[in-house]
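So the chains spell out like this:
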Amino acid sequence: MKRLLQSEKEQSATSNAWIGGFVADGFEPVANAFQASIMSGAALGAACTIMHHGETLVDLHGGWKDRSREHSWQASDIALVYSLTKGLTGMAAAVAVSRGLFSYDEPVADIWPEFAAHGKGAVTVGEALSEQAGLAAIDYKLTLENIGDEAAICAAIARQKPNWIPGDYSGNHAYTLGWIASELIHRRDPDGRRLPQFFAEEIAGPLGQDVFLGLPEDFDRSRIAEIDGFSMQDMLLRHTTMPWALIFKMCLPGSLAFRTLNNPLALKGPGALDCEEFWRVGQGAAGGMASARGLASLYSAFAEGGEKLGVTPEVMTTLIKGHAYPNKGLKDQILTADMYYSHGFEKPFSQWEFARTRSAFGSFAVGGSLAFCDPEDGVAYAWITNTLGTGKWDDPREKTVRDAFYKCLEQRS
């Protein structure tokens, strides 16, 4: 049975914060953990959906979707999900590989000959999607006006000298991952589609979910949660777990971190991307718009084996196993902390066991959001917020919910 939570009207009469939705019997502690972050004010608004073997056990939403606290977060509302978008691009690549458009072991230059410039000819699709190609920072100056010009940007990526020897390290390809995947799909897709159209027609559309790479003009903008971002000053004054080395490097215009993360942010902080111009572009590494329900439903298709999307068993095995580590270890050359990137996703490793098994794959985002699936465990998980925290991963607002869920799941078993 599903336990319905209090309605918005009932809760708003007793509190300035409220939650709605439902949890399955036995998962009430998850609702309590979710409500705690809303009631404390740590999250202006948030939503969380968790599925297990295709069954929705948790579907929660609460708080406010605007800084003025005039409009409550509703179940079907969406938000800009930043790097959770990388997981969506990883899904699209998995579908493309399953359709035979290219393989993970194929050199990118076989598909995109110009990419071979400056010694990148041996970089494989798998390495590029695992953020090992050394293309985190590019010399092309990005603006909100030109960020939708994929042809020009991909030409710049192709001629870019790598930031490190490809394969030696990995590093957060904060924007470029999406354009690399889009160009690969565009060059091999019989219809010449780029990533936003391919994703809409092959993944989100068939599953009927509100997850977008490029927000349609006819989408109801009142359903978008407004991002409450942070500035460089906030990272110093409200510091939590973001590495100090990263904060320091983001203040140095010549550093790799600055060139990667502040192109095009220009020190305005990630909240600057929460605008109509960026919503429409469909940027495949940071521009996704999604509801928690939609994200969990997409990941559930992978948790259940990928058949709904035509993902082959061979591709699922590759995603579960994960890409080989970089030659010189897992230290992210941008974030200055270890990360395990794999085929468009992140995977658990010794310093960050975000799921119960290492078959899991997903992505976390600036500000604390997290979405993933665990095929071995049958779990699909999505937690999103419009209040960006200043940690790296395991945001305490999110982690308390995840920990409560897994404790309840163990007791149920």
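Structure: see above.
As the structure is a computational prediction, the values presented were derived from the model and not from experiment.

Caption draft 1: Broad picture of the sheet that holds strand S6 (residues 211–212). With antiparallel pairing, the 3 strands of this open sheet are ordered in space as S5-S7-S6. If you trace the sheet from one side to the other, it starts and ends with strand S5 (79–80) and S6, each paired once.

Caption draft 2: Region of the structure containing unusual backbone geometry. A positive phi is found at Arg69, a non-glycine position, where the angle reads about 55 degrees. Within the fold, Arg69 resides in the loop between strand S4 (55–63) and S5. According to the relative accessible area criterion, Arg69 is partly exposed, its value standing at 40%. Its identity as a non-glycine residue notwithstanding, His343 has a phi of 55 degrees, on the positive side. Residue position: His343 is located in the loop between strand S8 (341–342) and strand S9 (345–346).

Caption draft 3: Summary view of the packing of aromatic side chains. As enumerated under the stated definition, the model contains 15 aromatic pairs in all. For the ring pair Phe364 and Trp393, a centre distance of 6.2 Å and an interplane angle of 85 degrees mean the geometry is edge-to-face. One end of the pair, Phe364, is in strand S10 (residues 361–364); the other, Trp393, is in the loop between strand S12 (379–385) and helix H15 (396–412), and 29 residues separate them in sequence. With a relative accessible area of 13%, Phe364 lands in the buried category. Given a relative accessible area of 10%, Trp393 falls into the buried group. Joined through ring pairs, the aromatic side chains of Phe349, Trp352, Phe354, Phe364, Phe372, Tyr381 and Trp393 make up one cluster. When the ring centre of Phe115 is taken as reference, the NZ or CZ atom of Lys120 above it lies at 5.2 Å.

Caption draft 4: Broad picture of helix H14 (residues 313–321). Among the residues of H14, those classed as buried are Val315, Met316 and Leu319. One side of H14 carries all its buried residues, which in axial view fall inside an arc of 100 degrees. In H14, the exposed positions that point more than 90 degrees away from the buried face belong to Pro313, Glu314, Thr317 and Lys321. Contact partners of the buried residues in H14: helix H3 (84–98), helix H13 (292–303), S9 and S10.

Caption draft 5: Quick peek at the nonpolar core. Among the nonpolar cores identified, the biggest contains 134 residues, and Phe302 and Phe405 are the most heavily contacted of them. Among the elements that take part in this core, H3 stands out by supplying 9 residues, more than any other. Excluding its chain neighbours within four sequence positions, the residues that come into contact with Phe405 are Phe27, Val30, Ile50, Leu57, Val58 and Val379.

Caption draft 6: Focus on the packing of H3 against helix H8 (residues 195–207). In contact at an axis separation of 10 Å, H3 and H8 are set at 75 degrees when each is read in the N-to-C sense. Compared by their axis directions, H3 and H8 come out roughly perpendicular. Between H3 and H8, the contacting residues are Leu88, Thr89, Met91, Ala92, Val95 and Ala96 on the first element and Leu195, Phe198, Phe199, Glu202 and Ile203 on the second. Taken together, the residues of the contact of H3 with H8 break down into 9 nonpolar, 1 polar and 1 charged.

What counts and what doesn't
Residues numbered from 1 in each chain as written. Predicted model: local features only at pLDDT ≥ 70, side-chain atom pairs only at ≥ 80, totals over all residues. Heavy atoms only, no water. Pairing = 2+ DSSP bridges. Helix = DSSP H or I, 4+ residues; strand = E, 2+ residues; numbered from the N terminus. Buried < 20%, exposed > 50% of the residue type's maximum accessible area, 1.4 Å probe, protein only. Phe/Tyr/Trp six-rings, centres within 6.5 Å; stacked < 30°, edge-to-face > 60°. Lys NZ or Arg CZ within 6 Å of the ring centre and 35° of its normal. Arc of directions from axis to C-beta. Contact = heavy atoms within 4.5 Å. Core = buried A, V, L, I, M, F, W, Y, C linked by side-chain atoms within 4.5 Å. Axes fitted to C-alpha atoms, helices over the stretch in contact; angles between N-to-C directions. Parallel < 35°, antiparallel > 145°, perpendicular 65-115°, else oblique. Nonpolar A, V, L, I, M, F, W, Y, C, P; charged D, E, K, R; others polar.

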